[in-house]
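Chain by chain, the residues:
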Amino acid sequence: MRALAVLAVVIYHYAPGKFPGGFIGVDLFFVISGYLITGILLKAFETHSFSLLDFYQRRIKRIFPALAAILLFCLIAGWLLLFASEFAALGKHMAAGAGFVQNLVLWREAGYFDVSALHKPLLHLWSLAVEEQFYIVWPLTLWLVLRWRWHVTVSILVFAGLSFALNLWGVASDHTIPTFYLPVTRAWELMAGAALAAWHHPHGRRDNTPMSHSSSILGLALIVLGFIFTRPDRGFPGLWGLLPVTGAVLLIYAGPTAFINQRALSLKPVVWMGLISYPLYLWHWVLWSLAAMVTAGADLFVLRIIKLVAFPLSLALAWVTYRYLEQPIRTHGGLKTSKGLVIAVTALGLGGLTINLTGGLAQRPLSLINPHAKQLLASMDEDAKAPKCFNLIKGATLAKTWSCELGDPQAKRWIMAYGDSHARSLIPALDTYGRQQHIRVVFSGISGCPALLGISILDGRDKVEGPACLELARRAAALADENHAAGVVLVQRWSYYLGGTTKPDEHIRVQTKIQAHDDGGNFSSSFAAQAVAYGLKTTVTRYYRLGIPVLLLKDNPQQPAEFPSWIVRFGNTINLAALNRASVTLAEHARNQGPANRLLEAIARQYPNVRLLNSDAALCNASQCPWFTDGKSLYFDDDHLSITGAMRVYPLLAQALDGLLHIQQPQ
């Protein structure tokens, strides 16, 4: 079953669009682990041979050899191939992985299914962290259950029930990210295997019976149903987690002589895959993620070739790791070996922490990074204030402190500025304007959030942001009303919510108070257009009745692909002219933004308190909207402006705000 689990995860990571339910392979691992470890513990307790030192020594010899190899590989590859900012982020995850807290670190970052996850080579260590955190408390818990003479199986089922209930509550209350990552909401999966081990312990197996054959068939069917119907955006684990977990329990319960287990899972290639499943799990994602980072922005054909090479290379490295590292250490390694492994992993973790704290060691000997890329990359930085002003959410709602102040914090006159991540990109320009004109700018924003009154996100990449988004729109309007804002600035990636973008797979479904989503539950750009138009009219009407002027920004140009870092990463020169030839043309930009701009223009004609700002004059020339100007990047990535880009827009923004606020400039 380990082979089934690891192949599902590998296929999902390499082709998430083709196999969106494959990530549940991790849940199979959890059940297997809970079953095996609990069986070992119960046997040791029964024979009075349990030793905590021996237990953790076995875990170290099982987990640490391949983990140390992966961390060392990441250290070397990062040193040679990554930009300083990338290496710093990798160092942070190296430290988290070595300390088995990667799940907690990722919880505070973007979600597991977020696009940026591809650029986190050690993302997958979250599941290892969940297991090891569980096994810190599990031996003692079992020992207490036995000492107090509680019924072992029933006790485990009660513990599992509590964890499962927390999981259901977390998903239902839209706390999907912590529910996905935290051990307390994942423990029920390990305990499902543990309960089966506890039941098997006194009763033994009953193999080769009609019940075992039917259990194996039903178990596999449930797992397959999980692969088919589970989706990242459906709130996982939740009830969906029952499919892989129950399926895994039934397959284990069926025993080795059951039909599926004997005819399919006992085949030599499958058994071999199971033996190397742990190192394969570690290697496959590290290779693909690092390759994706290094070749970011490359042609799709190049990425396909990399995937084709990465899988067999992962298999080869997994076998080498198993045969020449794991097996010898497990067979012959003693206490000294275990101590050496702990020292090695700790040293690698501390090395990662050092790399992170030093900003990625920009001046690294033997690095293959283009020395001329440093200045270009420096121009792609985001404003230091941005993290303190953005995504200020707690669980499913806005945090108590949900905004920040830019510009002149002492000024009595103030404006409200808010929106999504495109609003965040303009923080440098808004801050500069406030300081120059002695205006206090209250700013807030949420990623992927159409912050408009009357509409809410029905579905999206990260469901935790849905309720908070509508709450942001309401709080902003209420604050503007209560404290008499001089003006409101609304910045959104409008085309993202209307369904027409430079990347057709990127969209969010929205739902208005007056209109439900389409009957089939499928995305409809025409429906989204109606919803956004309704939300925008509702929002502007509110400010019109309050007598507050509104500045709506037409969206900035969006490049057709990721920043082509693979071109500037290596070598000794950078051909910016060649890079700019691949940028979006002015005609393409106008076509991409056409539906959104027509909506904004219609709103501006209808409401006298609305003004529009088009930043094309600052970001485009007669034919193109280039990536780079004067040796600096105008973009942080393919669609978000960098500090340089934001400050290119600043003169136009300042002029528009002066007009909005009736500020006269000295002649």
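Here the structure is shown first, and the text comes after it.
Below: a short report on this structure. (Residues numbered from 1 in each chain as written. Predicted model: local features only at pLDDT ≥ 70, side-chain atom pairs only at ≥ 80, totals over all residues. Heavy atoms only, no water.)

1. Notes on the packing of aromatic side chains
The description of two aromatic rings rests on the distance between their centres and on the angle between their planes. Per the stated rule, a full pass over the model turns up 26 aromatic pairs. Taking the centre distance of 4.9 Å and the plane angle of 40 degrees together, the rings of W126 and F180 count as tilted. Remark: F180 occurs in helix α8 (residues 176–181) and W126 occurs in helix α6 (residues 125–147); sequence separation between them is 54 residues. Residue W126 is classed as buried on the basis of its relative accessible area, which comes to 1%. When its relative accessible area of 5% is taken as the criterion, F180 is described as buried. Geometrically, the ring pair formed by W199 and Y253 is tilted, given 6.1 Å between the ring centres and 55 degrees between the ring planes. Taken as a pair, W199 in helix α9 (residues 187–203) and Y253 in helix α11 (residues 242–254) lie far apart in primary sequence, 54 residues in all. Overall, the relative accessible area of 30% leaves W199 in the partly exposed class. Clustering of aromatic rings is evident, with ring pairs tying together F45, F50, F55, Y56, F134, Y135 and W138. The aromatic ring of F83 is capped on one face by R569, whose charged end is 4.2 Å from the ring centroid. (Phe/Tyr/Trp six-rings, centres within 6.5 Å; stacked < 30°, edge-to-face > 60°. Helix = DSSP H or I, 4+ residues; strand = E, 2+ residues; numbered from the N terminus. Buried < 20%, exposed > 50% of the residue type's maximum accessible area, 1.4 Å probe, protein only. Lys NZ or Arg CZ within 6 Å of the ring centre and 35° of its normal.)

2. Topic: the sheet that holds strand β7 (residues 487–491)
Judged by pairing direction, the sheet is mixed, and its 6 strands sit side by side in the order β3-β5-β4-β7-β9-β10 without closing on themselves. The open sheet is flanked by β3 (404–407) and β10 (610–613), the only strands paired with a single partner. Pairwise comparison of adjacent strand axes, ignoring direction, gives a mean angle of 25 degrees for this sheet. In this sheet, strand β9 (residues 550–553) lies alongside β7 in parallel orientation, the contact comprising 4 bridges. (Pairing = 2+ DSSP bridges. Axes fitted to C-alpha atoms, helices over the stretch in contact; angles between N-to-C directions.)

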